[in-house]
Amino acid sequence: MMESLIKSIASGLGLLSKEQETFAVKPYLQLAQSANKLALIWFSARGRSHWAAQYRTGCDTPWISVKFKVDKDRKIEINNCVVRKFSLFLPLEAAPKHPEYQILFDGQAVFASHYQTPGISAEDKIVVFGDFGDGKNAASAVSAAVHAQEPELIVLAGDLVYDHGRISEYLSNFFPVLNADAIHKNIGAPILRSIVTVAAAGNHDIGMPKQNEAADANLFADLFGYFLFWQGSGNGPRLKKETIKNMIGTKKKANQLLSDYGKSFIRQTNYSFDWKDQHWIVLDANKYLDWSVPELQDWLAQDLKMAASQKWKFVVFHQPGFNSDRKYFIEQRMRLICPILEAGGVDIVFNGHCHFYERHRPLFFKPDHLKPMPDGTVSGQFVIDYQFDGVNNTRPHGVLYVVTGAGGKLVSSETKPNADFLCLSSAVLIDTVHSFTELTFAENYLRLNQIGLDGTVLDSIKLEK
């Protein structure tokens, strides 16, 4: 496992400049396994003795030293430079002002940022979007526009880097855009250093850019960057190794993941966390994961049961069960978990994969089969709430499914939806502009806005409880 990871880091980083020796990857925020803390991570070729870290709760409060650790297993020599992963924990409790942190090198501050905590803004905002990881101008513009909304949490719906989820692609396409030093539509924004960001794994993120099950012809030493750079809450399903082996079968990419990371790789792509009065579940919808397996379904059902007291419940995974994309329409395997989501009181399911925005009417769905058909489809009975409009009727009867994949390259003309090819439950579909989803929370309701890069609200609904 570690040998493969070390080779990946080496291939991804290549030659290091002097600046990269200090920060091969600049500091960015992640979830921590502790409910009241955040993890701050960076990668550097400089030794432990050079570093120190501090935080404070406001500009008029004293700096407090923070202990950090170095992951000794994750290091590599590149031209006599040793690259290590550094991490520390920051408090997550609500604060009246933006708390700050700074990283010191030989006693001098070399990196500093404020960071968001729950409840510090007048309105709680969360942003969701996906399919942006090519590093092109659209991704930079989306990043800058999202930063302008000042959300306290960002949830990414997969396909974080194209084309294979390589570590080198993270370094060229992802971090420069979402952890940029400046804010500009042609550059990106310093999102990752200041806003907690959570990500589902898409097919491109685990080296499976094509729809079919065949392994990609090109093999790279630095695949699976997702498992190096992202970390969840650590509470994912603990399946038996035999169950995982039976589930993934002979799928080459999944077997490689199992070989490199053991059965714990399932817990890294499937987990849940609470954010104030919200419960979020991040799932892996890639083809090697069989959501008809009882052990996996039981974990999901139990997780929702334990979150019964949370007011809002959200689920995010990459490949949607309901969409109007002519290319991905038959990828319906995630419909198998609809009864579990409905029984658990899930409010909204967010997906990517399709490079547009599509909001579906609230629905209940009962699958006809325990497994998908050979072509990937899952037939079943729909119960669709045609009365809900989010304006006059704001209490949906069913689960809302939202595809928010308009963060990068838009849908091609060949697979572009049309009036003759829409999912039965489709309510709103926007495929001509880049956009992202914003959730704004109040005491008894939330508002979902789909926002264009110029700030225009393209779609808006209200959900009351």
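Residues numbered from 1 in each chain as written. Predicted model: local features only at pLDDT ≥ 70, side-chain atom pairs only at ≥ 80, totals over all residues. Heavy atoms only, no water.

A.B. asks: Kindly report on helix 3 (residues 137-148), identifying the contributing residues and their values.
C.D. replies: Between its terminal C-alpha atoms helix 3 stretches 17 Å, which fits the 16 Å expected from twelve residues at 1.5 Å a residue. Of all twelve residues making up helix 3, ten are buried, and the element is well covered by its neighbours. For helix 3, the set of buried residues is A138, A139, S140, A141, V142, S143, A144, A145, V146 and H147. Contacts made by the buried residues of helix 3 are with strand 9 (124-129), strand 10 (153-156), helix 4 (167-178), strand 11 (179-184), strand 12 (188-190) and strand 23 (435-441). E150 occupies a position one or two residues after helix 3 and carries a positive phi of about 55 degrees. (Helix = DSSP H or I, 4+ residues; strand = E, 2+ residues; numbered from the N terminus. Expected span 1.5 Å × (residues − 1). Buried < 20%, exposed > 50% of the residue type's maximum accessible area, 1.4 Å probe, protein only. Contact = heavy atoms within 4.5 Å.)

A.B. asks: If you had to explain the pattern of salt bridges to someone new, which residues and values would you point to?
C.D. replies: When the charged atoms of two side chains with opposite charge come close together, those side chains can pair. A complete count under the given rule lists nine salt bridges for this structure. Residue R333 is joined to E331 by a salt bridge in which the shortest nitrogen-to-oxygen separation is 3.3 Å. Taken as a pair, R333 and E331 share a single burial class, namely buried. K465 serves as the salt-bridge partner of D347, at 3.0 Å between the closest nitrogen and oxygen. Separated by 118 residues along the polypeptide, D347 in the loop between helix 10 (338-343) and strand 17 (348-351) and K465 in the segment after strand 25 (457-464) bring together distant segments of the chain. Three or more residues are tied together by salt bridges with common partners; here these are K26, D181 and R193. (Salt bridge = Lys/Arg side-chain N within 4 Å of Asp/Glu carboxyl O.)

A.B. asks: Quick one: what's the story with the nonpolar core, residue by residue and with numbers?
C.D. replies: Counting 130 residues, the largest nonpolar core has F174 and W280 as its most contacted members. Here this core gets six residues from one element, more than from any other, and that element is helix 4. Judged by nonpolar contacts, the second largest core, of five residues, contains Y328, C354, V403 and V411. (Core = buried A, V, L, I, M, F, W, Y, C linked by side-chain atoms within 4.5 Å.)

A.B. asks: Break down the sheet that holds strand 21 (residues 400-404) for me, citing the residues and quoting the values.
C.D. replies: If you walk across this open sheet you meet the seven strands as 14-15-16-17-21-18-22, and the pairing is mixed. Across the chains shown, the open sheet's two edge strands, defined by having one partner strand only, are strand 14 (271-275) and strand 22 (426-430). Direction aside, neighbouring strands of the sheet carry axes that sit 15 degrees apart on average. Taken strand by strand, helix 9 (residues 294-306) contacts strand 14, strand 15 (278-282) and strand 16 (312-316), and its axis lies near 170 degrees from that of strand 15. (Pairing = 2+ DSSP bridges. Axes fitted to C-alpha atoms, helices over the stretch in contact; angles between N-to-C directions.)

A.B. asks: Go over the pairing of strand 24 (residues 445-452) with me, naming the residues and quoting the values.
C.D. replies: For a regular strand, side chains alternate in direction, first toward one face of the sheet and then toward the other. Among the eight residues of strand 24, six are classified as buried, and the element is accordingly described as predominantly covered. The sheet contact formed by strand 23 and strand 24 spans seven bridges and is antiparallel. Note on strand 24: the bridge partner recorded for T437 is Q450. The loop that links strand 23 with its antiparallel partner strand 24 comprises three residues. Summarising the sheet, strand 24 and strand 25 pair through seven bridges and their orientation is antiparallel. Of the residues in strand 25, the one forming a bridge with L446 is L463.

A.B. asks: For the packing of aromatic side chains, give the residues involved together with the corresponding values.
C.D. replies: Within this structure, the stated rule accounts for 35 aromatic pairs. Centre to centre, the rings of Y170 and F229 are 5.0 Å apart; their planes meet at 50 degrees, and the pair counts as tilted. With a gap of 59 residues between them, Y170 in helix 4 and F229 in helix 5 (residues 226-229) connect regions that are remote in the sequence. This pair shows no difference in class: Y170 is buried, exactly as F229 is. One cation-aromatic arrangement involves R48 over F68; the distance from NZ or CZ to the ring centre is 5.0 Å. (Phe/Tyr/Trp six-rings, centres within 6.5 Å; stacked < 30°, edge-to-face > 60°. Lys NZ or Arg CZ within 6 Å of the ring centre and 35° of its normal.)

A.B. asks: Go over the packing of helix 6 (residues 241-248) against helix 7 (residues 252-261), please, and point to the residues and values.
C.D. replies: Here helix 6 crosses helix 7 at 160 degrees, and the two axes come no closer than 9 Å. By the angle between their directions, the pair helix 6 and helix 7 is classed as roughly antiparallel. When helix 6 is examined against helix 7, the residues I244, K245 and I248 are found in contact with a partner set consisting of A254, N255 and L258. For the contact of helix 6 with helix 7, the class distribution of residues is four nonpolar, one polar and one charged. (Parallel < 35°, antiparallel > 145°, perpendicular 65-115°, else oblique. Nonpolar A, V, L, I, M, F, W, Y, C, P; charged D, E, K, R; others polar.)

A.B. asks: Kindly report on the confidence of the model for the protein chain, identifying the contributing residues and their values.
C.D. replies: Taken as a whole, the protein chain shows an average pLDDT of 89; of its residues, 89% reach a score of 70 or greater. Residue range residues 1-13 is modelled with pLDDT below 50. Its contacts to residues more than four positions away, or to other chains, number 34 contacts. (pLDDT = per-residue confidence, 0-100.)

A.B. asks: Hey, could you go over the side chain of E358 for me, with residue numbers and the actual values?
C.D. replies: Within the secondary structure, E358 is located in strand 18 (residues 357-360). Buried charged residue E358 carries no salt bridge. Nearest counter-charge: R361, at 8.6 Å. Dropping the residues within four chain positions of it, E358 is found in contact with N323, S324, Y401, V402, V403, S426, V428 and L429. (Lys, Arg positive; Asp, Glu negative; His and termini not counted.)

A.B. asks: Run through unusual backbone geometry, naming residues and quoting values.
C.D. replies: Residue D163 is reached from Y162 by a cis peptide bond, and omega for that bond is 15 degrees. Counting through the fold element by element, D163 comes out in the loop between strand 10 and helix 4. Here the phi dihedral of E150 falls at roughly 55 degrees; this positive angle occurs in a residue that is not glycine. Locating E150 in the fold gives a position in the loop between helix 3 and strand 10. Its identity is not glycine, yet H353 carries a phi of approximately 75 degrees, on the positive side. Relative to the assigned elements, H353 resides in the loop between strand 17 and strand 18. Relative accessible area serves as the criterion here: at 3%, H353 is assigned to the buried category.

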